[in-house]
Amino acid sequence: PLALWKRVEVEFPESEAAGDAVFQRAYYFQNRRQFARAIDEYRRLLSQFPAHHRIAAARKQRTNISHSDVLLGQTGVYAVGTQPKLWFACRNTAQVEFSVRRFDLPAYLRDVAQRGDQWWNLTEIGYGILSALDRDESDDDRLQAAKHLASNEVTSWTQDVPRSDLVATSSSDAPLTAVGVYVLEARVP
């Protein structure tokens, strides 16, 4: 496809198709995680075809490529006396910040039971708590879960990671020693 897009640019340099060819080449590189090449092509589209119908999409894709982000893996349950090991993936950052707050699970489960909801296993409880705390959930659900979340952090720490424009996985030991249920947040500075 790269040769075909180049041919379109050479043979029809003033056409709408030439701009489409540049955009498609950029998107091709982006999907193959060749981010520097993709950025160059998006930049070329913006400078050579400023009125092209894909300009807004090109700007959005450039933002997506350069955006810093972290994804925290599933944590689970840990035995007393063991330190939780956290898996995470990140890109475009040199640090990941973690914060931990206590969650009053017994009180939350009492509230759930009073509303007539049921939880069948620990995984469902965890997903229920996290979805209720999600900013996109209804205010009532979020408030029900949030009232059981401690307002102050139990602990927080920062972990240095090798900066990469590719997604890199890493792990961190959570400095938690007390028995309990916690909500952990990971973010990039």
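Residues numbered from 1 in each chain as written. Predicted model: local features only at pLDDT ≥ 70, side-chain atom pairs only at ≥ 80, totals over all residues. Heavy atoms only, no water.

Draft legend 1. Spatial organisation of the packing of aromatic side chains. Taken as a whole, this structure holds 7 aromatic pairs when the rule is applied. Their ring planes at 10 degrees and their centres at 6.1 Å tell us that Phe 23 and Tyr 27 sit as a pair that is stacked. Within this pair, Phe 23 and its partner Tyr 27 are both found in helix α2 (residues 16-31), separated by 4 residues, close to a single helical turn. Classification of Phe 23 as buried rests on a relative accessible area of 7%. Classification of Tyr 27 by relative accessible area gives partly exposed; the value is 34%. In textbook terms, an aromatic cluster arises when at least three aromatic residues are bridged by ring pairs, as seen for Trp 5, Tyr 28 and Phe 29. Above the ring of Tyr 28, the side-chain terminus of Arg 32 is found at 3.7 Å from the ring centroid. (Phe/Tyr/Trp six-rings, centres within 6.5 Å; stacked < 30°, edge-to-face > 60°. Helix = DSSP H or I, 4+ residues; strand = E, 2+ residues; numbered from the N terminus. Buried < 20%, exposed > 50% of the residue type's maximum accessible area, 1.4 Å probe, protein only. Lys NZ or Arg CZ within 6 Å of the ring centre and 35° of its normal.)

Draft legend 2. How the structure looks around the packing of helix α3 (residues 35-48) against helix α4 (residues 55-66). Running from amino to carboxyl end, α3 crosses α4 at an angle of 150 degrees, the nearest separation of the two axes being 10 Å. Taken together, the axes of α3 and α4 are roughly antiparallel relative to one another. The element α3 and its partner α4 pack so that their crossing is left-handed. Two secondary-structure elements touch here, α3 through Phe 35, Ala 38, Ile 39, Tyr 42, Arg 43, Leu 45 and Leu 46 and α4 through Ile 55, Ala 58, Arg 59, Gln 61, Arg 62 and Ile 65. Of the residues that constitute the contact of α3 with α4, the class distribution is 9 nonpolar, 1 polar and 3 charged. (Axes fitted to C-alpha atoms, helices over the stretch in contact; angles between N-to-C directions. Parallel < 35°, antiparallel > 145°, perpendicular 65-115°, else oblique. Left-handed = near helix turned anticlockwise from the far one by under 90°. Contact = heavy atoms within 4.5 Å. Nonpolar A, V, L, I, M, F, W, Y, C, P; charged D, E, K, R; others polar.)

Draft legend 3. How the structure looks around the sheet that holds strand β1 (residues 69-72). If you trace the 3 strands from one edge of the open sheet to the other, you get β1-β2-β5, paired in antiparallel fashion. Looking at strand neighbours, the two that pair on one side only are β1 and β5 (168-173), the edges of this open sheet. Neighbouring strand axes in the sheet, compared pairwise and without regard to direction, differ in orientation by 30 degrees on average. Bridge count between strand β2 (residues 85-91) and β5: 6 bridges; the pairing is antiparallel. What sits directly across from Leu 86, in β5, is Ser 172. (Pairing = 2+ DSSP bridges.)

Any functional reading would require information beyond the geometric quantities listed.
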